[in-house]
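Summary of the model geometry
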Amino acid sequence: MYSRGTSGLSTYSRPEKKPSKNQRVKVWCRVRPTANFDTEHIELVPDGKSVNVHQKKESAKGVVNNQILDWSFRLDGIFHNASQDHVFDTVAADIVTSALDGYNGTMMCYGQTGAGKTFTITGATESYKQRGILPRSISQLFREIEERPEYSITVRVSYLEIYNESMVDLLATLPEAINQENGGSMSVAENQYGVYVKGLSCHLTQNEEEALNYLFEGETNRAIAAHSLNAQSSRSHCIFTLYIETRSRVQSNARYTVSKLNFVDLAGSERLSKTKSDGKTQQEAMYINKSLTFLEQVIVALADRRREHIPFRQSKLTHCLKDSIGGNCNTLLIANIWGEKQQLEESVSTLRFATRMMCVASEPSMNEIIDPVVQCKRLEKEIQHLKHELAMHDTLTNRSHITYDTLSEQQRYEIRQQVRRYLEGHLDEIDIINLRQVQGVFDSFKDIYVQMEKDVEERLSQKFTLIDRTDPAAIAAAQQSGLPVTDDGLLVGETDGRKEKEKETKKGKLSRQDTKSPTGGKSVSSPSHSAKGEREVKSPHPSVDRTREEDAATPASSLGGPKTDRTARASTPPSRTTAFDIFKSEKGTELNRILVENKDILASNKKTYTDLARGINHNKIEIDQCRMKLEKLKEERESNGTQYNEEGDIIISEEEFMEVKRLKELKSKYKTDYDNLKNLKAKVQYCQRLVDNCRQKLIQEFDKWYSESFLSQTEDGTTTTSMAAGHGIRPGVLPPFNPNTVPEDEQEKFDRLQMELLMNNPDSAAFFNAQHRTQRRKTYEAAMMQPQPSYRRSPGTPTISIRNRPPNMLQISQ
Ligand SMILES: Nc1ncnc2c1ncn2[C@@H]1O[C@H](COP(=O)(O)OP(=O)(O)OP(=O)(O)O)[C@@H](O)[C@H]1O
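Remember, it's a predicted structure, so these values are computed and weren't measured experimentally.

What the chain contains, in helices and strands, is 20 helices and 20 strands. Residues classed as buried in the chain amount to 46% of the 814 residues present. For the chain, the share of sequence-separated contacts (at least 6 apart) that also reach a separation of at least 24 residues comes to 74%.

With that settled, the discussion passes to helix 8 (residues 344–357). Spacing of three or four residues puts side chains on the same side of an α-helix, whose turn is 3.6 residues. Between its first and last C-alpha atoms helix 8 spans 20 Å; for 14 residues at 1.5 Å apiece the expected length is 20 Å, and the two agree. With eleven of its 14 residues buried, helix 8 lies for the most part within the structure. Those residues of helix 8 not exposed but buried are Leu344, Glu346, Ser347, Val348, Thr350, Leu351, Phe353, Ala354, Thr355, Arg356 and Met357.

Moving on, we get to the pairing of strand 4 (residues 50–54). Taking burial as the measure, the five residues of strand 4 include four buried ones, the bulk of the element. Bridge count between strand 3 (residues 42–44) and strand 4: three bridges; the pairing is antiparallel. When the bridges of strand 4 are listed, Leu44 appears paired with Val51. Between strand 3 and the antiparallel strand that follows it, strand 4, lie five residues; Gly48 among them carries a positive phi value of about 75 degrees. Of the pairings in the sheet, the one linking strand 4 to strand 5 (residues 70–74) comprises five bridges and is antiparallel in character. When the bridges of strand 5 are listed, Ser50 appears paired with Arg74.

In this section: the confidence of the model for the chain. Looking at the chain, the pLDDT average stands at 72 and 64% of residues meet or exceed 70. Note on residues 227–232: pLDDT under 50 across the span, and ten contacts to partners over four residues away in sequence or across chains. For the stretch residues 749–770, pLDDT sits under 50, and the model shows 36 contacts to residues farther than four places along the chain or on other chains. In the predicted assembly, ipTM is 0.97 and pTM is 0.50.

Here the focus is the UniProt feature "binding site: ATP" (unreviewed entry) in the chain. UniProt's feature table lists "binding site: ATP" (unreviewed entry) at Gly111, Gln112, Thr113, Gly114, Ala115, Gly116, Lys117 and Thr118, given in the numbering used throughout. The exposure class of Gly116 is buried, given its relative accessible area of 17%. Residue position: Lys117 is located in helix 2 (residues 117–121). When sequence neighbours within four positions are dropped, the list of residues in contact with Lys117 reads Cys109, Tyr110, Gly111, Gln112, Asp265, Leu266, Ala267, Gly268 and Asn336. At a separation of 3.0 Å, a polar atom in the side chain of Lys117 contacts the main-chain carbonyl oxygen of Gly111.

One way to put it is that helix 10 (residues 409–424) packs onto helix 11 (residues 435–463) with a least axis distance of 9 Å and a crossing angle of 60 degrees. One finds that helix 10 runs oblique with respect to helix 11. Helix 11 is crossed by helix 10, and the crossing has right-handed handedness. On helix 11, the residues touching Ile415, Arg416, Val419, Arg420, Tyr422 and Leu423 of helix 10 are Gln437, Gly440, Val441, Ser444, Phe445, Asp447 and Ile448. Tallied by class, the residues present in the contact of helix 10 with helix 11 amount to seven nonpolar, three polar and three charged.

Bringing the packing of helix 16 (residues 576–586) against helix 18 (residues 654–710) into the picture now. Here helix 16 crosses helix 18 at 110 degrees, and the two axes come no closer than 10 Å. As far as their axial angle goes, helix 18 and helix 16 are roughly perpendicular. Across from Arg576, Ala579, Phe580, Ile582, Phe583 and Lys584 in helix 16, the residues of helix 18 making contact are Leu698, Glu701, Phe702, Asp703, Trp705 and Tyr706. The residue inventory of the contact of helix 16 with helix 18, partitioned by class, reads eight nonpolar, no polar and four charged.

Let's shift gears to the side chain of Thr331. For Thr331, the location among the structural elements is in strand 15 (residues 330–338). Here the side chain of Thr331 touches Gly326 through a polar contact of 2.9 Å, landing on its backbone nitrogen. Setting aside residues up to four positions removed in sequence, Thr331 forms contacts with Val25, Lys26, Thr106, Ser324, Ile325, Gly326, Met357 and Ser362.

What follows is about the environment of Lys671. In this structure, Lys671 sits in helix 18. Each C-alpha atom of the pair Lys671 and Ile616 lies 9.2 Å from the other, and the pair is 55 residues apart in sequence.

Turning our attention to the environment of Asn328. In this fold, Asn328 is placed in the loop between helix 7 (316–320) and strand 15. With 37 residues separating them along the chain, Asn328 and Ser365 place their C-alpha atoms 5.2 Å apart. Beyond its immediate sequence surroundings of up to four residues, Asn328 is in contact with Asn104, Glu363, Pro364, Ser365 and Asn367. Here the side chain of Asn328 touches Asn367 through a polar contact of 3.1 Å, side chain to side chain.

With that settled, consider helix 1 (residues 84–100). Counted at 1.5 Å a residue, the expected span for helix 1 with its 17 residues is 24 Å, and the 22 Å between its end C-alpha atoms agrees. Where helix 1 bends most, the angle comes to about 50 degrees, and this point is Ala92. Along helix 1, the residues classified as buried are Gln84, Val87, Phe88, Val91, Ala92, Ala93, Ile95, Val96, Ser98, Ala99 and Leu100. Gly102 occupies a position one or two residues after helix 1 and carries a positive phi of about 105 degrees.

So, how was this worked out
Residues numbered from 1 in each chain as written. Predicted model: local features only at pLDDT ≥ 70, side-chain atom pairs only at ≥ 80, totals over all residues. Heavy atoms only, no water. Helix = DSSP H or I, 4+ residues; strand = E, 2+ residues; numbered from the N terminus. Buried < 20%, exposed > 50% of the residue type's maximum accessible area, 1.4 Å probe, protein only. Contact = heavy atoms within 4.5 Å. Expected span 1.5 Å × (residues − 1). Pairing = 2+ DSSP bridges. pLDDT = per-residue confidence, 0-100. UniProt positions renumbered as here; feature names shortened; annotations may be inferred. Polar contact = N/O pair within 3.5 Å; in protein donor to acceptor, adjacent residues only side chain to side chain. Axes fitted to C-alpha atoms, helices over the stretch in contact; angles between N-to-C directions. Parallel < 35°, antiparallel > 145°, perpendicular 65-115°, else oblique. Left-handed = near helix turned anticlockwise from the far one by under 90°. Nonpolar A, V, L, I, M, F, W, Y, C, P; charged D, E, K, R; others polar. Bend = angle between axes of the 7 residues up to and from the residue.

Rendered as structure tokens:
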């Protein structure tokens, strides 16, 4: 850290609390060896960590100036006359190892031109011994990868140059470079894993040699650019990055680590005045100065823990380094100074930058990623495993009837029936043995509740105009127009309620079900009746009155038989299941009888088929056993020496003879049975078709009957509401059968059956597929029989949206 000289003033704000050594960026100083080391002004303290700089007052700045003259900088260490390998071992080796463990690392050199930044990062290209941190890191990385055979580690490299605020891909010349996709344009972007440069090519490297080749390729491109664009070197910032991904080979784990290792060679930091440049060089110097100033501002902001905003986006350099300075990253800064008298001011400036960097907190953390695909597979496996364990436990505790799979349509139907019976008071308890069923019961309650609410609403909407109770404007408008509004703002305007009531009394109950609405009594009686005594308000929609009149004029047996007159409907249509039962018992009796009979025949034929298939399988097993036995007997006979009779025929033992005879009989039986099976298959398929046709016909008839009896039509003749509305289909037309909509457990059941029976009869597979499809069709049709969300409104009656309702409850139309 730096301290003020006796006469100087500190110019930057300090952090509230200095981070401890282990929680901040590491900063070292490297002094370029020189014969003219300015021992008069630069004092390297023997502790190996401190530098004291003593400046002389500049007379040019006048007699009174606040120039700081004495500086004392304390860093993490100072390299003076240090060899390249010493530098690497001391500050870089650990960062490389950590990168393999999933920690990001950044090694950065800062200092004036010629102070030794490139020498420190890349080293002297002409000497292997003088190679810098970067090639040494590459060597160590691949050496350590070889020492970790239990991990699959991939390494990629990229090499970016930032020159005058534009980004250049130093590896773009390689054939496999991919930045053509962006037409060569690059930009800094961020995702959940950090910052990256869009359009920068990234190259997979298998070994040290390949990685070094990429480095040299980039260096060559940098040199070419240096000649064509700028005469001096280091007019640009360069970032060489190694991207490392480490996955365990031993554990099929969803977790793996990723890390980035950045080597940043910054442009020379000398001041503009000192460069004495003009034209293009001056512009370059301005860009460099600007970006280094922004870098310094970022460092100052990062060092100040009270600062919430860090201005990373001010320059390409700082934006690129957003996740590479401090934070969760192992960061190292090497401040390169040139210890000559002429460079004193630059050295102080570099060291000041270095001490600021020491205030930047850094708490390295591992970048662990969970692969969602692998994680899903693992969890699926675990669920399967737990299910097995539960099944075993249930077997032991005699609870083997419990399943933990998703409820099938059939199970859901049964639960719904139980809930209905429970609500009607015919059942004391609902049979629940697992959590899924609890959920199923709640779902059923919800369905019934929603249906009841809808029915009530529908009945109310025939009598009243409904407005949104949360809309004060609508309520105010209704009140202004003199219409009565209930306390909760639900109802406005009664339409001849008294007359209606009389008619309803005469009619009696219209519907056999769903009339026990918990809210029905309140909604219908209280608001309207309170208003009724004072005034009678005509419905603003005559069609409402007309429809009710027509309804009332019709005899009330709503379900006794279908009415072709649509106005003769009950006020609430029965659920589809109930209606289907009624239809079967009253209208479609004959068709249903045929269906039942056909189903019985089909079931009997299927049973015969199944038994026969089992017999064939058994027969096949016996044939195989017999063959094996014969093979064995033949081997025995041959080992004892085969004997022949006078005609030259082989003499076989009694046992072998009996086995040959048995094999013949078995084969003959197999053939006969197999032929019978084929015939039976055709028969079953035929019966199946009959049953399907019958069922189809029954459903069509039912749909027709149901829509004629209970569903409304709009003035243009189209049916607006049907029990199939929830499925988006027209009433009276069964939607095309889609096997994919049938629950998967049915599929599994049939697959199992098929596997069990058809081990040796592949010919029969086609039949079972057909049978399977039929079964799935049945399940689908059963599902279609369940009550679906529906509502009905009289033609011309405006419906007004009521908020906070499930979306399928009301359609908005005026
Ligand atoms: N520690 C050192 N030991 C030996 N030679 C060094 C050392 N540091 C720098 N040099 C030499 O000094 C010269 C300039 O060094 P280098 O190019 O690394 O400086 P730089 O800071 O990267 O400059 P620029 O900003 O211009 O790129 C080189 O010839 C290099 O070999």
